[in-house]
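Spelled out, the chains give:
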Amino acid sequence: MANPGYGKRSASHQHPRTATDFRHLPPREAAVAAYVDRLPDGADISVKTLAKVLPYGQCALRTALNNLQRAGHLRRGSEHVIGSGSAHWVTRTFFSRTPRDDAWWAAFTRGDTPPEQQRKTRSRAFVLLAALGRTAPALSLSATGCAALEPYVTVWFDRGATEAQLLHALTDGLPVPVHHAAALVRSRLTAKMPPERVAPSAPRAVLRVLECAKCGAPGRAEALPGGECGLCRGEHVPVPSGSRGIPAGEVRGRMAQVRAAMGPRPARSRT
């Protein structure tokens, strides 16, 4: 594992793992991605550590990670430690099993990535009601009955009830015979409804900034397509009229001065 606060961080809203997740990548990149994908959050994924367990050298692994970044599986940057009470930032290497475009990573950096649109399926509440007859045959329900009772069971789940608790509440001590299964289930769901849970506090806003994979210059996600800044991509950066600008050879030195002026920052190891 990497030092606390460092190492791999899984991006949100990933698709379920399949055997074809990295089939679109070259063999080396696919092998590295599959290995990193199965590592737990916080694992050290620096090239030095990966070279100890994978059949590739550090240079090859560095190239492979950069290619994964261009393919949308990986981004490097910094994240503000929430609740630290200070301007404490740590290095992060964010990994997504699902390839993402620059717009998605920009939204992720802001902390407002929308969830994926999922194909409509039967709810957990409906499935439990439809299977109720397997536990208690006298409580077998029709599709119409399941749909009518679904909102009641949903409230139970929203209030923290488990499936085992629900089944116990519905099937324990059943009368013999049961004359109307749907009416009995509705009565028990209403009479035994658990209390509401205390709402959790709202999550704090996420503060993140990405860095260029080559020169380490910080920047907004929109300014780092593919994880690289304009200078490192060979783009011409316009200089405002009336300004002499900064010679290319002095950019990194000037960035070091800016970082120093921002105050001391903890030592960070790249992963």
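A brief look at the structure comes next.

Here is what the cut-offs are and how they apply
Residues numbered from 1 in each chain as written. Predicted model: local features only at pLDDT ≥ 70, side-chain atom pairs only at ≥ 80, totals over all residues. Heavy atoms only, no water. Helix = DSSP H or I, 4+ residues; strand = E, 2+ residues; numbered from the N terminus. Buried < 20%, exposed > 50% of the residue type's maximum accessible area, 1.4 Å probe, protein only. Contact = heavy atoms within 4.5 Å. Areas by Shrake-Rupley, 256 points an atom, 1.4 Å probe, with all protein chains shown as cover. Core = buried A, V, L, I, M, F, W, Y, C linked by side-chain atoms within 4.5 Å. Salt bridge = Lys/Arg side-chain N within 4 Å of Asp/Glu carboxyl O. Axes fitted to C-alpha atoms, helices over the stretch in contact; angles between N-to-C directions. Parallel < 35°, antiparallel > 145°, perpendicular 65-115°, else oblique. Left-handed = near helix turned anticlockwise from the far one by under 90°. Nonpolar A, V, L, I, M, F, W, Y, C, P; charged D, E, K, R; others polar. Pairing = 2+ DSSP bridges.

## A few points about the overall build of the protein chain
Scanning the protein chain for helices and strands turns up 10 helices and five strands. Out of the 271 residues in the protein chain, the part that is buried amounts to 36%. Long-range contacts, defined as pairs at least 24 residues apart, comprise 64% of the intrachain contacts of the protein chain with a sequence gap of at least 6. Here the protein chain displays about 16,200 Å² of accessible surface, and carbon together with sulfur accounts for 56% of that area.

## So, the nonpolar core
Soluble globular proteins tend to pack their nonpolar side chains together in the buried interior. Formed by 23 residues in total, the largest nonpolar core has its most connected members in Leu129, Leu139, Leu141, Val153, Leu166, Val185 and Leu189. Going through the elements one at a time, helix 5 (124–130), helix 7 (143–158), helix 8 (163–171) and helix 9 (181–191) are the ones with two or more residues in this core. Residues within four places of Leu129 in sequence aside, it is in contact with Leu141, Cys146, Leu149, Glu150, Val153 and Val185. Judged by nonpolar contacts, the second largest core, of 18 residues, contains Ala30, Leu39, Leu61 and Leu74.

## Things to note about the pattern of salt bridges
Using the criterion set out here, one finds nine salt bridges in the structure. We note a salt bridge from Glu163 to Arg124, for which the minimum N-O separation is 3.3 Å. Placement of Glu163 in helix 8 and of Arg124 in helix 5 is noted, with a sequence separation of 39 residues between them. A single network of salt bridges, built from pairs that share partners, joins Arg17, Asp37 and Arg97.

## Quick word on the packing of helix 8 against helix 9
When two helices pack together, their arrangement is given by the angle between the helix axes and the distance between those axes. Between helix 8 and helix 9, the least distance of the axes is 9 Å, while the angle of their chain directions is 120°. Taken together, the axes of helix 8 and helix 9 are oblique relative to one another. The crossing of helix 8 and helix 9 is right-handed. Across the interface between the two elements, Leu166, Ala169, Leu170 and Thr171 of helix 8 pack against Val185, Arg188 and Leu189 of helix 9. Along the lines of polarity and charge, the residues of the contact of helix 8 with helix 9 split into five nonpolar, one polar and one charged.

## Some thoughts on the pairing of strand 2 (residues 74–80)
Among the seven residues of strand 2, seven are classified as buried, and the element is accordingly described as predominantly covered. Of the two faces of strand 2, the one carrying Leu74, Arg76, Ser78 and His80 and the one carrying Arg75, Gly77 and Glu79 are both buried. Sheet topology note: the strand 2/strand 3 (residues 89–95) ladder contains seven bridges and is antiparallel. Bridge pairing in strand 3 links His80 to Trp89. Relative to strand 4 (residues 208–211), strand 2 runs antiparallel, the two sharing three bridges. Paired with Gly77 across the bridge in strand 4 is Leu210.

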